[in-house]
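# Geometric and topological summary
Residue strings, one per chain:
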Amino acid sequence: MALLLNDLRVLSRGTYLQYITRIRLLDDAIIRSNEPEEVLTYTYKNNDLGNRFIIPWRKVKGKVRRTAMEKMRGLGIAPDCHLKEGLCMRCPCCVLFGGTGDVSAAKVGYNLLSRVLGDTFISTECVATINSYTANAVDEKSLMTGQALMTLVKAPAETEFVGVVTLRDPTKESAAIVRDALLRLTRVGASTREWGRCQTTIEGYSLSDQEETSSYELAGKPLPSLNADSDLQLPTADEAFKSFAKQCETMVQEFAGAKKSGAKKEVKDRKKTAPEESEG
Ligand SMILES: [Zn+2]
């Protein structure tokens, strides 16, 4: 069995920690079916999963990153790192969730690949009947209705989703940070007005030299017996953030130094950062 790594390095060493994660809706959630960003229903045709509610990974990731950044800021680490105003490209959240250097606040000559990878979250039960109704879409700028029709779908309270969240090259610290951020996920979706509360739990983990499982594999059947995440004996999130922040500084300094000579400077006007994530 693979072990958590002892230190943080630039290059991947082929260890994968997978958290098998369950999101349970505590309230009904409303889905706008004509917006691809939202939670959707999806029909899996080639197996017995059938029609399911799904939450795209980028939605979950956006939210998890946001909660991790709030926690980090609360500890006084990288208070100026923001998803909208620009990433700092050196803090624990940038190192874990990634960022594009030339459009970051720091304008650095390197990119950070995300170390947190995920799957689509899939509802554990088939969607038997879809409760939908059509409403006039409201143009958010003018607040005028009647511009377009949209279909609203309700994902009922108690709906449960299973998803696998994978951390590449996990250390005790990074594993603790990702675990803490996942457990802080209490609302998902684009708009907290339209989304009910949810409860997020980690059902277990796998630690291996490869990715062992996927949401797709787990959604259709009862979860297998899993190692409890308490077995990992992780530090508290506070301890983990403080110690990981120092490791990130050191790694980024090395990385930036090594890249400086060969880095091609390309200045772009775009202020966008972390483009693969949508605002949660
Ligand atoms: Zn940052």
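Residues numbered from 1 in each chain as written. Predicted model: local features only at pLDDT ≥ 70, side-chain atom pairs only at ≥ 80, totals over all residues.

### Description of the nonpolar core
- Counting residues in each nonpolar core, the largest one holds 58 residues, and the members touching the most others are C91, C93, C94, I177 and V178.
- In terms of residue count, helix α5 (residues 237–260) provides more of this core than any other element does, 7 residues in total.
- The residues touching V178, leaving out its near neighbours within four places in the chain, are L96, V116, V165 and L167. (Core = buried A, V, L, I, M, F, W, Y, C linked by C-beta atoms within 7 Å. Buried ≥ 20, exposed ≤ 12 C-beta atoms within 10 Å, placed from the backbone. Helix = DSSP H or I, 4+ residues; strand = E, 2+ residues; numbered from the N terminus. Contact = placed C-beta atoms within 7 Å.)

### Overview of helix α1 (residues 57–74)
- An ideal rise of 1.5 Å per residue puts 26 Å on 18 residues; α1 measures up with 26 Å between its terminal C-alpha atoms.
- Considered for burial, the residues of α1 that qualify are W57, K59, V60, K61, G62, K63, V64, R65, T67, A68, M69 and M72.
- G76 occupies a position one or two residues after α1 and carries a positive phi of about 80 degrees. (Expected span 1.5 Å × (residues − 1).)

### Topic: the environment of T213
- In this fold, T213 is placed in the loop between β10 (198–208) and α4 (215–219).
- Overall, the presence of 17 C-beta atoms within 10 Å leaves T213 in the partly exposed class.
- In the structure, T213 is positioned 47 residues away from T166 in sequence and 9.6 Å away in space, judged by C-alpha atoms.
- Sequence-distant contacts of T213, defined by excluding residues within four places in its chain, comprise Q18, V164, S206 and L218.

### Regarding the packing of α1 against helix α3 (residues 172–183)
- Packing of α1 against α3 brings their axes to within 8 Å, and their N-to-C directions diverge by 110 degrees. Relative to α3, α1 is oriented roughly perpendicular. For the pair formed by α1 and α3, the contact residues are V64, T67, A68 and K71 on the first element and I177, D180, A181 and L182 on the second.
- For the contact of α1 with α3, the residue count by class is 5 nonpolar, 1 polar and 2 charged. (Axes fitted to C-alpha atoms, helices over the stretch in contact; angles between N-to-C directions. Parallel < 35°, antiparallel > 145°, perpendicular 65-115°, else oblique. Nonpolar A, V, L, I, M, F, W, Y, C, P; charged D, E, K, R; others polar.)

### Description of the pairing of strand β1 (residues 16–25)
- Within β1, 7 of the 10 residues are buried, which leaves it mostly tucked inside the rest of the structure.
- As defined by bridge partners, β1 adjoins β10 across 10 bridges and the pair is classed as antiparallel. Along β10, the bridge assignment pairs L17 with L207. (Pairing = 2+ DSSP bridges.)

### A short note on the confidence of the model for the chain
- Taken residue by residue, the chain gives an average pLDDT of 81. The fraction at 70 or more is 76%.
- Strand β7 (residues 132–136) is the least confidently modelled element of the chain, averaging 54 in pLDDT, while α3 averages 97, the highest of any element.
- Below a pLDDT of 50 lies the segment residues 261–272, which in the model reaches 10 contacts outside its immediate sequence neighbourhood of four places, other chains included. (pLDDT = per-residue confidence, 0-100.)

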